[in-house]
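Overview (structure and organization)
Here's the letter readout for the chains.
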Amino acid sequence: SVFQAEQEKVRCVYLQKKYDEDVNRLSSLIIALSDLAKEIPSVLEVKGLFGLVLDKTAKLFSAANCAIFSVDNATNSLTYICSTGYDHAMLESLKLTADAVSGLPGWCAKNAKFLSSKGIEKDAYMADVLAQNKFPVDFCQPIVDKGKSIAVICVGGIEKEFLEKEFMRLASILANISTIALQNARLMENTKEQAI
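Residues numbered from 1 in each chain as written. Predicted model: local features only at pLDDT ≥ 70, side-chain atom pairs only at ≥ 80, totals over all residues. Heavy atoms only, no water.

Quick look at helix 4 (residues 103–111) now. Three or four residues apart is the spacing at which side chains of an α-helix point the same way, because the helix has 3.6 residues per turn. Of all 9 residues in helix 4, 7 are buried; the element is thus mostly enclosed. Looking only at helix 4, the buried set comprises G103, L104, P105, G106, W107, C108 and A109. Directly beyond the C-terminal end of helix 4, a positive phi value near 55 degrees is found at A112. (Buried < 20%, exposed > 50% of the residue type's maximum accessible area, 1.4 Å probe, protein only. Helix = DSSP H or I, 4+ residues; strand = E, 2+ residues; numbered from the N terminus.)

In structure tokens:
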């Protein structure tokens, strides 16, 4: 019928618009990741590198808040490094451990895996981890070296809509680039120390 044909036409126009928006969004993310892959390895100081990763993460996810904690596997603790958007003094004062008692950041540090609040809120067991959060966070991504977390990136106040798989993929790429850059920066710092 004419009505069904008109409905199908409206549906096709909507799908085309949504497809175009998705393509544009993915294109801008690919450009952002490409810039990241070029810029991050050029920073050869660990402290400066964390600052750059923080800045790029916030931009990549259009996030109002972002923080990075280093992981000390020997003492099972997380130490505040840097942040944007969050209250610095509040984050510095937190006593976070690398386990579920410290919510998403702690679980993420212990298990060396990505974790998002959206992904676990429907899981009764994991919802308990969510309740342990000491500050608002949408997702956490570990920076992993030799199977162990060396740092955790915490992101909150995300303005754009992302699918869970997109979050995971983008955060994983970001962390992998960061791991390689951190290895390079630490190698450079050790080389400088030995030269001195």
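On to the sheet that holds strand 3 (residues 96–97). In any sheet, the strands associate via hydrogen bonds between backbone groups, in a parallel or an antiparallel arrangement. Pairing within the open sheet is antiparallel, and its 6 strands lie in the order 3-2-1-6-5-4. Of all the strands in the sheet, the pair left with one neighbour each is strand 3 and strand 4 (115–116). The sheet contact formed by strand 1 (residues 63–72) and strand 2 (residues 77–84) spans 7 bridges and is antiparallel. For I68, the partnering residue across the bridge sits in strand 2 and is C82. (Pairing = 2+ DSSP bridges.)

Our next topic: the packing of aromatic side chains. A ring pair, where both rings are aromatic, is described by two values, the distance of the centres and the angle of the planes. Enumeration according to the criterion identifies 5 aromatic pairs in this entry. Consider the rings of F61 and F139, whose centres lie 4.9 Å apart with planes at 65 degrees: the pair is edge-to-face. With F61 in the loop between helix 2 (46–60) and strand 1 and F139 in strand 5 (residues 139–145), this pair connects stretches of sequence that are 78 residues apart. The same class applies to F61 and to F139, which are both buried. A ring pair is formed by F69 and F135, whose centres lie 5.9 Å apart and whose planes are at 35 degrees; its orientation type is tilted. Taken together, the residues F69 in strand 1 and F135 in the loop between helix 6 (124–131) and strand 5 connect sequence positions 66 residues apart. Three or more aromatic residues joined by ring pairs make a cluster, and in this case those are F69, Y80, Y86 and F135. (Phe/Tyr/Trp six-rings, centres within 6.5 Å; stacked < 30°, edge-to-face > 60°.)

Another aspect to go through is the packing of helix 4 against helix 6. Running from amino to carboxyl end, helix 4 crosses helix 6 at an angle of 115 degrees, the nearest separation of the two axes being 6 Å. Of helix 6, the residues touching helix 4 (which contributes G103, L104 and W107) are M126, V129 and L130. (Axes fitted to C-alpha atoms, helices over the stretch in contact; angles between N-to-C directions. Contact = heavy atoms within 4.5 Å.)

Moving on to the pattern of salt bridges. Applying the stated criterion to the full structure yields 2 salt bridges. As a salt-bridge pair, K59 and D55 come within 3.3 Å of each other at their nearest N and O atoms. Of this pair, K59 and D55 are both found in helix 2, 4 residues apart, which corresponds to roughly one turn of the helix. Between K146 and D145 there is a salt bridge whose closest N-O contact spans 3.9 Å. (Salt bridge = Lys/Arg side-chain N within 4 Å of Asp/Glu carboxyl O.)

Attention now goes to the side chain of D99. Examined against the element boundaries, D99 turns out to sit in the loop between strand 3 and helix 4. Buried and without a salt bridge, D99 has K110 as its closest oppositely charged side chain, separated by 6.5 Å. Filtering out sequence-adjacent residues up to four positions away, D99 remains in contact with N76, G106, W107 and K110. (Lys, Arg positive; Asp, Glu negative; His and termini not counted.)

Along the chain, D138 turns up in the loop between helix 6 and strand 5. Spatially, the C-alpha atoms of D138 and C154 are 7.7 Å apart, while their sequence positions differ by 16 residues. Leaving out residues up to four positions away in the same chain, D138 has contacts with L104, S116, S117, V155, G156, G157 and I158. A polar contact is formed between the side chain of D138 and the backbone nitrogen of G157, at a distance of 3.1 Å. (Polar contact = N/O pair within 3.5 Å; in protein donor to acceptor, adjacent residues only side chain to side chain.)

Let us look at the pairing of strand 2. Here strand 1 folds back onto strand 2 in antiparallel fashion, the turn holding 4 residues, of which N76 has a positive phi close to 60 degrees. Summarising the sheet, strand 2 and strand 3 pair through 2 bridges and their orientation is antiparallel. Residue pairing across strands places L78 opposite L96, the latter belonging to strand 3.

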